[in-house]
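# Structural features, examined
Spelled out, the chains give:
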Amino acid sequence: MSVNFQSLAGKQLSNSLWGADRILRAGQTGKRRKEFTKFYYAQFDSDRSQLGNLYRDHSMLTFETSQLQGAKNIIEKLVSLPFQKVAHRISTLDAQPSSPDIGSVLVMVTGELLVDEEQNPQRYSQVFVLMPEGGSYYVFNDIFRLNYS
């Protein structure tokens, strides 16, 4: 099966990325969650302004206490974050089908962030609900929290 994804720079991504009919096959959820998170965080860390194609007008983001809806508003929030450089280090990554009827996927990530020149990482948790659309997925829900000890 060939699945085409438009990259955030307008190029085609490899068809080995997360295809809607493949992510829920037995044994494939783990592989697909890793592909999604690897792609998402690599793009976030290099140029978060290019994440817009992963969201839709009805997508929602909760970032700490801010709640936003729509790809434009979400990207404006992500771009406005007060750091220039960021690196995500994933500690845990879990995924489950979230609906047997529509093929959506729930992804939970915990990890550490290094921002700008900071030496001490910040812990974070992030949850995504991915919805199938035309042979791939988009982010319907995105919830991000820093975890303070």
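Bear in mind that the values here come from a model prediction, so they are computed numbers and not experimental data.

In terms of regular secondary structure, the protein chain is built from two helices and eight strands. Along the chain direction, N to C, the helices and strands of the protein chain fall in the order β-β-α-β-β-α-β-β-β-β. Residue burial in the protein chain is summarised as follows: out of 149 residues, 42% are buried. Taking all contacts inside the protein chain whose residues are at least 6 apart in sequence as the whole, residues at least 24 apart take part in 46%. For the protein chain, the accessible surface area stands at approximately 8,200 Å², while carbon and sulfur atoms represent 49% of it.

Once that is clear, we can look at the sheet that holds strand β6 (residues 105-115). Reading across the sheet, the six strands line up as β4-β3-β8-β7-β6-β5 and stay open at both edges, with mixed pairing between neighbours. Each edge of the open sheet is held by one strand with a lone partner, namely β4 (66-69) and β5 (86-97). Strand after strand, the sheet turns through a mean of 15° between neighbouring axes, direction not considered. Bridging between β6 and strand β7 (residues 122-133) involves nine bridges; their strand directions are antiparallel. In the sheet register, Thr-110 faces β7, and the bridge partner there is Ser-125. Along the sheet, helix α2 (residues 71-79) contacts β3 (55-63) and β4; its crossing angle with β3, the most-contacted strand, is approximately 40°.

Now for the environment of Arg-33. Among the secondary structure elements, Arg-33 is positioned in helix α1 (residues 29-47). Distance from Arg-33 to Val-109, taken between C-alpha atoms, is 9.7 Å for residues 76 residues apart in sequence. When sequence neighbours within four positions are dropped, the list of residues in contact with Arg-33 reads Leu-93, Asp-94 and Ala-95.

Parameters at a glance
- Residues numbered from 1 in each chain as written.
- Predicted model: local features only at pLDDT ≥ 70, side-chain atom pairs only at ≥ 80, totals over all residues.
- Heavy atoms only, no water.
- Helix = DSSP H or I, 4+ residues; strand = E, 2+ residues; numbered from the N terminus.
- Buried < 20%, exposed > 50% of the residue type's maximum accessible area, 1.4 Å probe, protein only.
- Contact = heavy atoms within 4.5 Å.
- Areas by Shrake-Rupley, 256 points an atom, 1.4 Å probe, with all protein chains shown as cover.
- Pairing = 2+ DSSP bridges.
- Axes fitted to C-alpha atoms, helices over the stretch in contact; angles between N-to-C directions.

Keep in mind that these numbers describe shape and distance, not what the molecule does.
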